[in-house]
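Here are the chains, one letter per residue:
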Amino acid sequence: MNFFSLAKVPSNKWNVRILFRTKQQSKNLSLQSKLDLENYSECSHQSSPPVLRPQSVTSLFAELISNAKLSNLSEVVQARSRRMLLDTLGVGILGFNSETTKSVMSWAENLGYFEEHKSGRQKSKNVVIWGSSNKRAPIGLATYLNGISIHSMDFDDTWHPATHPSGPVLPAVLSLSDYMTGSYCPTSEELLVAYNVGIQTQGLLLQSSAKSKNIPERFHPPAVVGVMGAAAATARLLQLGPLKTKHALAIAASFAGAPMANAGTQCKPLHAGKSARFGLEAALMADQGMEGNEDILDTASGFSVFFEDYSPDLLVEAALNNQHYILHNQDVALKRFPAHLAMHWAIDATMEARQQMTEEFNTEIPYNEIKDVQIVVPSSKYIDRPFPKSQHEARHSFQFNVASMLLDGIMTPKSFTSECRSRTNLNTLLQKCHLLRKEDNVASFNRMYVEVMVTLKNNKVYRGRCDTPYGHWRKPLTDIDVQCKFLNNTKSLPNGIPEAIIESVMGLSGSPEELLTLLKN
């Protein structure tokens with residue numbers, strides 16, 4: 001059974017598939033925290049229902065989010081989501097020491113958020129901040145900080161249509177799991193289901209817009225679909241039931257949105273953090289009786305304001321016509337380098353050209369002999385940064401990533417530091433880098449390509465081209481490389497802890513307490 005597996009019914013006159021039920025059935029279903037989907041599907045087809053009532057898209061989402069279970073996840077989905085979970089933990093632990101997370105930590109400390117924990121006077125249970133040697137904070141703040149850390153270096157996963165799916169969801173479900181105790185504590189299977197519900201919700205919402213398939217121009221997707229995914233995931237983990245889940249989605253929509261103008265700045269990582277926090281808090285508020293518009297995915301003034309071409313028809317079609325979760329057929333990109341995904345095309349193309357130069361010269365590449373570097377890229381203004389002024393701009397600069405790769409032959413988190421960016425030979429090479437655009441090069445992570453042409457003063461040209469970088473969903477990292485990336489990102493942890501986390505995540509079963517205990521170390 002798929003995520004939105006319902007009996008097919010005829011389309012109504014607005015060409016939207018809807019499910020009908022009686023008023024009494026609607027009342028009963030909204031009060032249930034768990035719904036037997038198969039029985040519900042059967043009762044919806046009773047031959048002579050006394051009163052028929054159409055169900056909104058929002059109701060469809062809410063009821064079926066509430067009923068997602070492990071059997072809905074194919075083996076492919078489970079395997080892919082475990083890889084995503086491990087990768088996201090690694091970049092989050094690494095990101096704790098980033099300048100953005102440190103800035104927000106200082107802000108929180110100045111406001112006294114950690115004082116209660118230091119003195120042992122906290123009135124409620126605090127949850128762990130990843131990579132902090134068991135530093136803890138109130139659940140909302142800890143979720144916010146963990147989300148920021150995940151996206152602080154742009155090292156987290158990327159999906160198609162474009163978004164960073166894990167950053168808003170994983171901090172929310174892990175913080176909630178850490179917070180819940182006793183009989184309320186979820187199992188590892190429930191955590192995995194909730195995590196996938198959050199990923200699936202984002203994927204379906206992106207299917208509602210044709211424009212979402214291109215590199216974004218207006219809103220940063222994790223701040224739009226991410227907060228909805230976090231709300232859906234935590235609503236499922238809390239077992240809110242359909243009615244309160246509808247309200248959680250509505251509340252989350254009021255926290256959605258962030259402009260692309262802040263891409264390449266310290267603010268961009270805040271988008272993942274705030275989506276994780278507010279999605280979680282939306283579910284918690286709904287649980288306490290807070291209400292919003294019950295048709296948030298249907299009304300023209302609801303979620304649709306974030307996409308000019310938003311179509312509920314497309315949303316329902318994607319929900320009903322797929323046998324599996326979207327992740328089954330559409331894998332994510334797990335990044336090799338801590339930079340915007342488009343940079344991976346540029347880096348791989350540069351590696352090919354550089355290899356040709358290395359084979360010819362055998363010794364150090366004659367950088368002083370480089371006359372010109374032409375880079376064929378898709379049209380996208382926010383990743384065209386000839387002379388980046390910060391590490392965040394550098395992560396979004398075709399020119400910087402090509403020049404840096406030509407010089408060093410490797411890209412690591414250190415490549416983006418002030419020390420590396422200020423090198424004279426790098427800045428000299430940046431002046432020789434020029435972007436070219438061709439009509440056939442579409443600004444889409446599913447269709448773009450990058451070509452790099454290095455011309456020497458003797459007019460000899462070395463060329464590299466990348467159509468699909470390693471780590472992309474068409475060419476995914478091997479399991480060994482995913483684990484190697486995690487181990488490299490978690491060197492700050494005590495000996496044996498990273499390996500234990502790998503074992504815990506890849507064999508996720510029983511209680512998530514073991515994983516949470518490891519994160520506290």
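As annotated in an unreviewed UniProt entry, the protein chain carries the name Cis-aconitate decarboxylase-like and is attributed to Octopus sinensis. Regarding the protein chain, the UniProt comment filed under Sequence similarities (unreviewed entry) reads as follows: "Belongs to the PrpD family."

Q: How should the nonpolar core be read in this particular structure?
A: Counting residues in each nonpolar core, the largest one holds 102 residues, and the members touching the most others are Leu-89, Phe-303 and Ile-501. Looking at this core, the element that brings in the most residues is helix 9 (residues 188–207), giving ten residues. Apart from residues no more than four positions distant in its own chain, Ile-501 is found in contact with Leu-86, Leu-89, Phe-486, Leu-493, Leu-515, Leu-518 and Leu-519. Among the nonpolar cores identified, the runner-up in size contains 49 residues, and Leu-407, Leu-429, Phe-445 and Cys-466 belong to it.

Q: Explain the packing of aromatic side chains to me, please; I cannot follow it from the model alone.
A: Between two aromatic rings, the relevant description is the distance of the centres plus the angle of the planes. Following the criterion strictly, the structure yields eight aromatic pairs and no others. Seen in terms of ring centroids, Trp-345 and Phe-445 are 6.2 Å apart; in terms of plane orientation they differ by 15°. Their pairing is stacked. With a gap of 100 residues between them, Trp-345 in helix 15 (residues 342–361) and Phe-445 in the loop between strand 6 (433–436) and strand 7 (450–456) connect regions that are remote in the sequence. By relative accessible area, which is 0% here, Trp-345 ends up buried. A relative accessible area of 4% means that Phe-445 is categorised as buried.

Q: Hey, could you run me through the sheet that holds strand 5 (residues 370–376) in this one?
A: Strands sit in the order 6-5-7-8 across an open sheet of four strands; the sheet is mixed. Because the sheet does not close on itself, it has two edges, and the strands there are strand 6 and strand 8 (461–466). Taking the axes of each pair of neighbouring strands and ignoring which way they run, one obtains an average angle of 15° across the sheet. One ladder, built from four bridges, connects strand 5 with strand 6; its direction is parallel.

Analysis parameters
- Residues numbered from 1 in each chain as written.
- Predicted model: local features only at pLDDT ≥ 70, side-chain atom pairs only at ≥ 80, totals over all residues.
- Heavy atoms only, no water.
- UniProt positions renumbered as here; feature names shortened; annotations may be inferred.
- Core = buried A, V, L, I, M, F, W, Y, C linked by side-chain atoms within 4.5 Å.
- Buried < 20%, exposed > 50% of the residue type's maximum accessible area, 1.4 Å probe, protein only.
- Helix = DSSP H or I, 4+ residues; strand = E, 2+ residues; numbered from the N terminus.
- Contact = heavy atoms within 4.5 Å.
- Phe/Tyr/Trp six-rings, centres within 6.5 Å; stacked < 30°, edge-to-face > 60°.
- Pairing = 2+ DSSP bridges.
- Axes fitted to C-alpha atoms, helices over the stretch in contact; angles between N-to-C directions.

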